[in-house]
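Results of the structural survey
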Amino acid sequence: MHPVTRFEALGLTVGTHQLFVALGVLVAAVVVVLESRRRGTWGDEMLVAVAGGLVGGALGMRASGFLRDPVAVLDAGVAQVWQYGAKSVLGGLTGAYLGVVVAKRLIGYRERTGDVFAPAVALGMAVGRIGCLLTEAPGRPTSLPWGVVLTPEQAASIPQCPSCAAGVPLHPSFGYEIAFHLLAFAALLRLRDRLHRPGALLTVYLAGYAVFRFAVEFLRDNEVVAVGLTRGQVYLAALAPLVVWRLAVLVRDERRHRAPSAGSAVPETSVPETSVPAASVPETPVSEGTPA
């Protein structure tokens, strides 16, 4: 585990987790600019939306820690908990989404921006999770060959981690998450010009991450709070109906877009009449007295 990163040439010591979170935010911002320019939507309105997402994400990430342990806020104070308290990626994503919505409402910007933010969030999460991989509890014990083995010093440096025993292979749960976000980023780039409903990319990404995160929680060493589930799983289960509804609407709209409309139905194939020159048809003489 590497809790701090030292820049010897500059004489600086920076928290590893904070460093990679900052790099993840920077990468996400660059992708937003590039993607919005590609779509022709970059401007002051998008800049406000990005700012709203950053503020909302920071507040959401910390607010979840306050809700998890409100007694710590009363004992240590808001400033202390804000700096050193628990943080939640799920809370950060929720806060970022709400922050973008609020920022757009304040300036009257009605364009859908989810398709711009989805690949940016995926790549930013992949970078930010490197900090988690290097500093936080890896996961539960495993017999797989890629298990992470901690030294006694590393195991002792991780608080509230019952599974962090020295010499025991542990699931690299954050490594799994990094791989998921990189694959999601590649898939979103492939789908960005194939889905037609505005905001479809964000719906697909959030739905996929919700399913993945619910599953990977069984491999992490997080506290079980109810019916064998962690806080993250309980939160995701509560949001499941909304996610399913959004996916159902997306699938319905994509099918309607691909189905031919009634006005563009293929006309029936008609067989053209064979025209025969009149001169080529012999006239049949009609004799007098013969019924015509």
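Our structure is the block above this text.
A few points on the structure. Because the structure is a prediction, the values reported are computed rather than measured.

The subject of this paragraph is the nonpolar core. In this structure, V32, F117, Y205 and Y209 are the most contacted members of the largest nonpolar core, which totals 30 residues. Of all elements in the fold, only α1 (16-39), α2 (44-68), α5 (89-107), α6 (114-135), α8 (173-191) and α9 (200-216) reach the threshold of two or more residues within this core. Apart from residues lying up to four places away in sequence, V32 is in contact with W42, M46, V50, V116, F117 and A120. Grouped together as the second largest cluster of nonpolar side chains are six residues, L150, A155, I158 and C161 included.

The geometry of α8 relative to α9 is characterised by a closest axis approach of 11 Å and an angle of 160 degrees between their N-to-C directions. Taken together, α8 and α9 sit at an angle that is classed as roughly antiparallel. The way α8 lies across α9 gives a crossing that is right-handed. Residues S173, Y176, E177, F180, H181, A184, L188 and L191 of α8 form the contact with α9, whose own contacting residues are L201, Y205, G208, Y209, F212, R213 and V216. Of the residues contributing to the contact of α8 with α9, the split by class is ten nonpolar, three polar and two charged.

A few words now on the environment of H196. Looking at the element boundaries, H196 is found in the loop between α8 and α9. For the pair formed by H196 and L250, sequence separation is 54 residues and the distance between their alpha carbons is 9.2 Å. A distance of 3.3 Å separates a polar atom in the side chain of H196 from a polar atom in the side chain of H257.

Attention now goes to the packing of aromatic side chains. As enumerated under the stated definition, the model contains four aromatic pairs in all. Relative to F218, the ring of F214 lies with its centre 5.9 Å away and its plane at 80 degrees, an arrangement referred to as edge-to-face. The exposure class of F214 is partly exposed, given its relative accessible area of 27%. Members of the aromatic cluster, joined through ring pairs, are F180, Y205, Y209 and F212.

Here we take up α8. The terminal C-alpha atoms of α8 lie 27 Å apart, and with 19 residues this matches the ideal 27 Å at 1.5 Å per residue to within 8%. Turning to α8, its buried residues number three or more, namely S173, F174, E177, I178, F180, H181, A184, F185 and L188. The arc that holds every buried residue of α8, seen down its axis, measures 160 degrees, which confines them to one face. Facing away from the buried side of α8 by over 90 degrees, the exposed positions are L183 and R190.

Positive phi, close to 45 degrees, is recorded for V227, a residue that is not glycine. Among the secondary structure elements, V227 is positioned in the loop between β3 (224-226) and β4 (229-230). Overall, V227 belongs to the exposed group, its relative accessible area being 77%.

Here we take up the pattern of salt bridges. Per the counting criterion, the structure on display carries ten salt bridges. Residues R39 and E35 are paired through a salt bridge, measuring 2.9 Å at the closest nitrogen-oxygen approach. A residue pair is termed a helical-turn pair when its members lie 3 or 4 positions apart in one helix, as R39 and E35 do in helix α1 at four residues. Linking D253 and R197 is a salt bridge whose minimum nitrogen-to-oxygen distance equals 2.3 Å. Linking D253 in helix α10 (residues 231-258) with R197 in the loop between α8 and α9, this pair joins segments that are 56 residues apart in sequence. In this structure D253 comes out as buried when scored by relative accessible area, which is 17%. Taken together, the salt bridges that share partners define one network made up of E35, R38, R39, R192 and D193.

The rules behind the values
- Residues numbered from 1 in each chain as written.
- Predicted model: local features only at pLDDT ≥ 70, side-chain atom pairs only at ≥ 80, totals over all residues.
- Heavy atoms only, no water.
- Core = buried A, V, L, I, M, F, W, Y, C linked by side-chain atoms within 4.5 Å.
- Buried < 20%, exposed > 50% of the residue type's maximum accessible area, 1.4 Å probe, protein only.
- Helix = DSSP H or I, 4+ residues; strand = E, 2+ residues; numbered from the N terminus.
- Contact = heavy atoms within 4.5 Å.
- Axes fitted to C-alpha atoms, helices over the stretch in contact; angles between N-to-C directions.
- Parallel < 35°, antiparallel > 145°, perpendicular 65-115°, else oblique.
- Left-handed = near helix turned anticlockwise from the far one by under 90°.
- Nonpolar A, V, L, I, M, F, W, Y, C, P; charged D, E, K, R; others polar.
- Polar contact = N/O pair within 3.5 Å; in protein donor to acceptor, adjacent residues only side chain to side chain.
- Phe/Tyr/Trp six-rings, centres within 6.5 Å; stacked < 30°, edge-to-face > 60°.
- Expected span 1.5 Å × (residues − 1).
- Arc of directions from axis to C-beta.
- Salt bridge = Lys/Arg side-chain N within 4 Å of Asp/Glu carboxyl O.

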